[in-house]
Amino acid sequence: MKQKFKSPRNVSSNKSRLLMAIIIIFLMVFSVLGFVVVRETEDERTQYKQKTFSKANDKWLTYIDNKPIMISSNPKDLEQIQIPKVFLNDLNSAQKIYVTRNYKETTNYMQIELLGNLQQFLNTPLINSCSEENEQCPNIPIKTCKDATTQQKIILFKQSQEQEIFYSENCLIIQGNNQEITKKIDKLLLDMLIEK
């Protein structure tokens with residue numbers, strides 16, 4: 001019986017697909033089941049736009065439409081942060097949302113912080129993509145802000161010394177150094193999900 005020979009490219013491609021699947025599964029499990037085991041601390045509560053947040057396992061927890069939202073920052077620390085207005089309805093109006101990054105950069109923390117919460121409110125499918133071609137994403141679409149349209153939104157994560165969030169022409173750019181951009185990501189989430 002002949003065995004099929006697997007080229008190194010196919011093995012690398014399969015590993016990339018497996019890694020992507022694991023990340024997506026982790027995000028889904030974290031957003032749906034991860035909040036079930038949270039311990040709330042009764043004496044640590046704060047208000048933000050008519051929502052009560054409770055301190056829970058070093059995070060801040062509230063519920064929107066009976067769905068748990070867990071952010072890293074104390075909501076009181078977010079009030080003065082300025083970010084562009086991004087509407088949830090605008091993202092949901094697209095047919096697809098491409099989540100793109102350069103796989104040579106470390107942006108996992110930013111992705112989990114945003115998508116771990118936002119995914120449960122999106123009606124539009126999220127599709128993993130790469131911002132540039134490299135060996136880690138041979139069979140993954142290459143998408144940048146130049147590809148963004150009203151029907152094909154882009155969320156681009158970039159590693160950078162500058163901590164910024166931009167939204168222009170159907171492309172949301174989140175750039176920073178993982179934990180340093182956390183407050184801006186948390187502010188973006190709350191502004192999108194909580195009515196003023």
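The structure we're discussing is the one just above.
Definitions and cut-offs
- Residues numbered from 1 in each chain as written.
- Predicted model: local features only at pLDDT ≥ 70, side-chain atom pairs only at ≥ 80, totals over all residues.
- Heavy atoms only, no water.
- Salt bridge = Lys/Arg side-chain N within 4 Å of Asp/Glu carboxyl O.
- Helix = DSSP H or I, 4+ residues; strand = E, 2+ residues; numbered from the N terminus.
- Contact = heavy atoms within 4.5 Å.
- Polar contact = N/O pair within 3.5 Å; in protein donor to acceptor, adjacent residues only side chain to side chain.

A.B. asks: Is there a simple way to think about the pattern of salt bridges in this case?
C.D. replies: A side chain with one charge can pair with a side chain of the opposite charge if their charged atoms come near. For the structure shown, the criterion picks out five salt bridges. The partner of Asp191 in a salt bridge is Lys49, and the shortest N-O contact between them spans 2.8 Å. Placement of the pair is Asp191 in helix H4 (residues 182-193) and Lys49 in the loop between strand E1 (40-48) and strand E2 (51-56), with a sequence separation of 142 residues. The partner of Asp191 in a salt bridge is Lys187, with the nearest N and O atoms 3.8 Å apart. Highlighted residues: Asp191 and Lys187, both in helix H4, separated by four residues, approximately one helical turn.

A.B. asks: What should I look at first to understand the environment of Asn102 in this one?
C.D. replies: Note on placement: Asn102 falls in the loop between strand E5 (96-101) and helix H3 (108-118). The spacing of Asn102 and Leu156 is 54 residues in sequence and 9.0 Å in space, taken between C-alpha atoms. In contact with Asn102, other than residues within four places in its own chain, are Ser131, Glu132, Asn134 and Phe157. Here the side chain of Asn102 touches Glu132 through a polar contact of 3.3 Å, side chain to side chain.

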